[in-house]
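# Observations on the model geometry
Residue strings, one per chain:
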Amino acid sequence: MRRRHFLTLSASTVGGLLVYSLDRTPSRVHAQEGTLRVPLKFFTEEQALDVAAAAARIFPSDESGPGATEAGVVIYIDRQLAGPYGKDRYRYTQPPFEKGLPEQGYQDAANPRDIYREGLKPLAGFHRREAAEQDKILTGIESTVFFTLLRTHTIEGMFCDPMHGGNRDMIGWQLIGFPGPRMSYLEEVDQYHGRAFRPKPVSLAEVVGHRVRPSEEEE
Amino acid sequence: MKRLAPVDAVIVGGGWNGLLMASELTRRTGLSVVVLERGEARKTQDYAAGMDELDYGIRLRMMQAIRDETVTLRHQTRERALPIRQYGSFLPGSGVGGAGEHWSGISYRYQPRDFRLLSHLCEKYGARSLPPDHALADWPVTYDELEPYYDRTEKMMGVSGKAGNLRGKRIEGGNIFEGPRSAEYPTPPMKSPYLAALFGEAARKLGYHPYPLPAATTSVDYTNPDGVSRAGCSFCGYCERFGCMIGAKSQPTNTLMPLLRGKKKFELRAGAWVRRIIAKDGQAQGVNYVDSKGEEVFQPATMVFLASWTLNNTRLLLLSQIGEPYDPASGKGVVGRGLTHQVSTAAATAFFDKPLNRFMGAGSAGTAIGDFDGDAFDHAEANFLGGGTLYTVCYGFRPMANFGVVPASVRSRWGREWKKSALEFYDRTGRISFYGEHLAYRQNYMDLDPTYKDHLGDPLLRLTLDWQDNERRMASFMSGKAVEIARAMGAQEITRFPGLGRYDTTRYQSTHLQGGAIMGANETESVVNWYLQHWRVPNLFVLGASAFPQNPSGNPTLTAVALTYRTADAVIDRYLKHPGTLV
């Protein structure tokens, strides 16, 4: 049984910040105030802090708007790695594992959990470094499988449905003007030509009226 | 092994072709019909809770479990094939409805020339113009023979569109390059999202002939000739890779299952994994499968219909040792011959200064031009044979898969500069896509892999597949045309398709694979005759695009389903009276 790890996150950093969504109209991005203490399912607290710091360099919080920190990207990644995806449920994993051509796709035996565990080892203490130094370290591993996964997962954690742990308060969707899963645009689809249509985002649970069980909770 | 009571017809695969055959047999004869589907049961009501990009768009809930079974791929026979370990270039569906649940619904008819491609190219350019390693063949069925079945299929699905050739009369606004149609589309074209409208205006300005994509995502409320009613599309943007929550996208579950549900002589068994077709002395006896509880079962049947998608149809014939496997060295044998995919590219990615609202859309809401399809254009400036369709489709742009595309002028792929540009262009990026015909070659084929196995221990299917110069030149030529159109659409920056290179399993192209059990004029060159009846096992029918001798650019579903209607007529009107070969 693994020791219980928690990650304490500040959720207040974006309250009241003005961001410019893609219609170039300023709007207020809402996120809750205070701190969140989130139980971790896969990472240790130290690993989670390093992943959060790396994701924050990939998708920084800056003048163009909030980023991976506010969206809770690390929570998304933690849950994915703890669930079936982390254990390679969505991949054919029968041996032999042979080196292939790039066009034959990823062929290694290492699953996403293994890739993170190994990839994080040389990054120990990453979250305690200066931003410029962090960027230099990430530039050095840019072409690794680990970094490619981390970049993909950062984007996913920014823009997933909030039920998966990222995109907290739909902050990623607000940032790009994505309205989430809405039932119909029948009246708007041929009317908004050349001008932005930006309805308020809704989550899947809000649309269907009940909680939906996400894939990471499956066996 | 448990032996079940015999049935009249067993159908392997519960997708478009399998369930259509089931519904024709059930409604028009008194036969007992069992459909074996290895995935799960589904219904429209399941789909609203499925509007989740991660679970459906990325983790691919509607696809075959790749953990259990995949295919291996190599480019040439002298290379070692390796398994495609995670989905990339195509997405085979599973579950009731098959890939017909998660499809886009773009529903093309093929051109009359496509049905006699070999003769056509020889007449027009001379036999010497063909690539020396081609394996092209005429189809043993003509456009005119198939036309009534195309019409029936469009009416069954409620395809939206505008005719461009009505009984030989060219009609502006439709695809004027299409073959003659006996009737207008059953429902009017879909509404045009902004990007599709921009494409249409630009194409017209350049002298092309834009038309609305034919869409099985019906545009208005529609009741088909079978009495099945469906709602019009609401452009929710959760379309391809998803099941339609309101049933607007024609899917086997909403178009065929209503005709079958509750019928006494029909049974659908989900979770049934067919491993072998059992044939003896030129007669199929039934099929062996593993049921949802893991038990081995033999289902005897008087007729067997194999309708389990191109790759699995071929694999089951090979595993069952029915017919001679194709050997590329000698050119002998038939099973596995003529594997084709589709030249499917993002011909141009265009960055605009106006928001496009790309989250609104449907898998087949778009605009296309046929000016570069087949021989609609002068090939004097083209150093390749054939052609295809340039189009833009507003399928519903979802952010997890699509965020991060930036113009070439932005060098970084992460960090502050990338983020700023990716945010700016997220909803200002449009794509002009291309799909083109993929010729059949002697060296592109399928057989059983000597190393890798599925979860039950059966060999995986091995694809030997690569692009040749004809496809590479075509992709590059069409990319040039797409860039011109993007410029006319007012794009600020444009990224060209980088080129086809070698066949790449990691880039999604389309789930349009053809061949392996092709139809032809005789049994030395084909697996099935023009009623998709096995040449040597006349009570075995192999349905679907596995029968296409080559890919004729457009998406195959409409044609595959039209052929199934034709087979159903032949079986019901003739075969049942005199079982035996139909030709």
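## Considering the overall build of chain B
Of regular secondary structure, chain B possesses 13 helices and 24 strands. Taken over C-alpha atoms, the radius of gyration comes to 23 Å for chain B, in line with the 25 Å a tight globule of 583 residues would show. The dimensions of chain B, computed from C-alpha atoms along their principal axes, are 65 × 55 × 50 Å. In chain B, buried positions account for 68% of the 583 residues. Here the contacts in chain B between residues at least 6 apart in sequence split such that 74% fall between residues at least 24 apart. Of the accessible surface of chain B, which amounts to about 18,900 Å², a share of 49% is contributed by carbon and sulfur atoms. Here chain B contributes 68 positive and 59 negative side-chain charges, whose respective centroids are spaced 2 Å apart.

## Examining the domain arrangement of chain B
All names here are of chain B. Once the domains are mapped, chain B shows domain 1 (1–159 + 250–341 + 441–465 + 507–583) and domain 2 (171–244 + 343–436 + 476–502). For domain 1 and domain 2, the distance between their C-alpha centres works out to 28 Å. When domain 1 packs against domain 2, close to 4,500 Å² is buried across both sides, 52% of that on carbon and sulfur atoms. Area buried by domain 1 at its contact with domain 2 is led by Glu53, Tyr108 and Val159, which between them contribute 15% of it. Applying the counting criterion to the domain 1 and domain 2 interface returns four salt bridges. In this structure, arginine 502 and glutamate 79 form a salt bridge, with 3.1 Å as the shortest nitrogen-oxygen distance.

## Quick notes on the sheet that holds strand S20 (residues 445–453) of chain B
Residues and elements named next belong to chain B. The strand order across the open sheet built from four strands is S5-S4-S21-S20, with neighbouring strands paired in mixed fashion. Two strands close off the open sheet at either side, each with one partner strand: strand S5 (82–83) and S20. Each of strand S4 (71–74), S20 and strand S21 (459–464) touches helix H9 (residues 310–319); the most contacted strand, S21, lies at about 120 degrees to it.

## Thoughts on the environment of glycine 88 of chain B
Residue and element names in this part refer to chain B. Along the chain, glycine 88 falls in the loop between S5 and helix H3 (99–102). Spatially, the C-alpha atoms of glycine 88 and threonine 505 are 5.5 Å apart, while their sequence positions differ by 417 residues. Ignoring sequence-local partners within four residues, the contact set of glycine 88 consists of Thr505, Thr506, Arg507 and Tyr508.

## Regarding helix H11 (residues 416–425) of chain B
Taken together, the buried positions of H11 of chain B are Trp418, Lys419, Ser421, Ala422, Leu423 and Phe425 of chain B. In the core, the buried residues of H11 of chain B are packed alongside helix H1 (45–58), helix H6 (145–159) and helix H7 (171–176) of chain A together with strand S16 (343–351) and strand S19 (429–436) of chain B.

## Looking at the pairing of strand S2 (residues 7–12) of chain B
All names here are of chain B. Burial analysis of S2 places five of its six residues in the buried class, the great majority of the element. By the bridge criterion, five bridges tie S2 to strand S14 (residues 296–306) in an arrangement that is parallel. When the sheet's bridge partners are listed, alanine 9 is paired in S14 with methionine 303. Sheet topology note: the S2/strand S3 (residues 33–37) ladder contains four bridges and is parallel. Considered in S3, the bridge of isoleucine 11 is made with valine 35. For the crossover from S2 across helix H1 (residues 16–28) to S3, the handedness is right-handed.

## Comments concerning the sheet that holds strand S8 (residues 210–212) of chain B
All names here are of chain B. With antiparallel pairing, the six strands of this open sheet are ordered in space as S8-S17-S18-S19-S16-S22. Both edges of this open sheet fall to S8 and strand S22 (493–496), since each of them pairs with a single strand only. Neighbour-to-neighbour, the strand axes of this sheet turn through a mean angle of 25 degrees, independent of strand direction. Summarising the sheet, S16 and S19 pair through seven bridges and their orientation is antiparallel. Looking across to S19, one finds that phenylalanine 351 is bridged to threonine 429.

## Regarding the interface of chain B and chain A
Chain B puts 68 residues into the contact, and the matching count from chain A is 81 residues. Carbon and sulfur atoms make up 59% of the surface buried where chain B meets chain A, a total of about 6,100 Å² over both sides. Of all residues in chain B, Arg59, Arg85 and Trp414 of chain B give up the largest surface area on contact with chain A, accounting jointly for 15% of the area buried on that side. For the pair chain B and chain A, the interface holds 36 residue pairs in polar contact (both at pLDDT 80 or more). Among the elements that make up the side of chain B that touches chain A, the one with the highest residue count is H11 of chain B (six residues). Among the residues forming the side of chain B that touches chain A, the class breakdown is 33 nonpolar, twelve polar and 23 charged.

## Brief notes about the environment of leucine 540 of chain B
All names here are of chain B. Looking at where leucine 540 falls in the secondary structure, it is placed in strand S24 (residues 540–542). As for leucine 540 and lysine 43, which are separated by 497 residues in sequence, their C-alpha atoms are 29 Å apart. Filtering out sequence-adjacent residues up to four positions away, leucine 540 remains in contact with Ala284, Val304, Leu306, Leu317, Ile322, Leu532, Gln533 and His534.

## Overview of empty space enclosed by the protein
Empty pockets left among the atoms are what a rolling probe the size of a water molecule brings to light. Residues and elements named next belong to chain B. Inspection of the entire model under this criterion finds eight cavities of 30 Å³ or more. Of the voids in this model, the largest cavity is the one considered here, and its volume is about 200 Å³. If you trace the largest cavity, you find 22 residues lining it, with Tyr108, Arg109, Asn175, Glu178 and Tyr211 closest to the centre. Across the lining of the largest cavity, the residue classes tally to ten nonpolar, seven polar and five charged. Residues from two domains meet in the lining of the largest cavity; each of domain 1 (1–159 + 250–341 + 441–465 + 507–583) and domain 2 (171–244 + 343–436 + 476–502) gives at least three. In this structure, the second largest cavity encloses a volume near 140 Å³.

## Description of the pairing of S21 of chain B
All names here are of chain B. Of all the six residues making up S21, six are buried; the element is thus mostly covered by neighbouring parts of the structure. Across four bridges, S4 lies against S21 in parallel orientation. Across the sheet, residue arginine 74 finds its bridge partner in S21, namely threonine 464.

## So, the nonpolar core
Counting residues in each nonpolar core, the largest one holds 128 residues, and the members touching the most others are Phe305 and Leu390 of chain B. In this structure, this core is formed jointly by two domains, domain 1 (1–159 + 250–341 + 441–465 + 507–583) and domain 2 (171–244 + 343–436 + 476–502) of chain B, each of which donates at least three residues. Counting 89 residues, the second-largest nonpolar core is a separate cluster that includes Met163 of chain A together with Tyr47, Phe359 and Ala368 of chain B.

Rules used in this analysis
Residues numbered from 1 in each chain as written. Chains lettered and ligands numbered in written order. Predicted model: local features only at pLDDT ≥ 70, side-chain atom pairs only at ≥ 80, totals over all residues. Heavy atoms only, no water. Helix = DSSP H or I, 4+ residues; strand = E, 2+ residues; numbered from the N terminus. Rg over C-alpha atoms; globule rule 2.2 N^0.38 Å. Buried < 20%, exposed > 50% of the residue type's maximum accessible area, 1.4 Å probe, protein only. Contact = heavy atoms within 4.5 Å. Areas by Shrake-Rupley, 256 points an atom, 1.4 Å probe, with all protein chains shown as cover. Lys, Arg positive; Asp, Glu negative; His and termini not counted. Charge placed at Lys NZ, Arg CZ, Asp CG, Glu CD. Domains from an automatic or database assignment. Buried area = accessible area lost by both parts, 1.4 Å probe. Salt bridge = Lys/Arg side-chain N within 4 Å of Asp/Glu carboxyl O. Pairing = 2+ DSSP bridges. Axes fitted to C-alpha atoms, helices over the stretch in contact; angles between N-to-C directions. Right-handed = clockwise from strand over helix to strand, strands pointing away. Polar contact = N/O pair within 3.5 Å; in protein donor to acceptor, adjacent residues only side chain to side chain. Nonpolar A, V, L, I, M, F, W, Y, C, P; charged D, E, K, R; others polar. 1 Å grid on protein atoms, 1.4 Å probe; cavity = no way out; pocket = protein on both sides within 12 Å on 5 of 7 lines; lining within 4 Å. Points joined across faces, edges and corners; volume = space filled by probe spheres on them. Core = buried A, V, L, I, M, F, W, Y, C linked by side-chain atoms within 4.5 Å.

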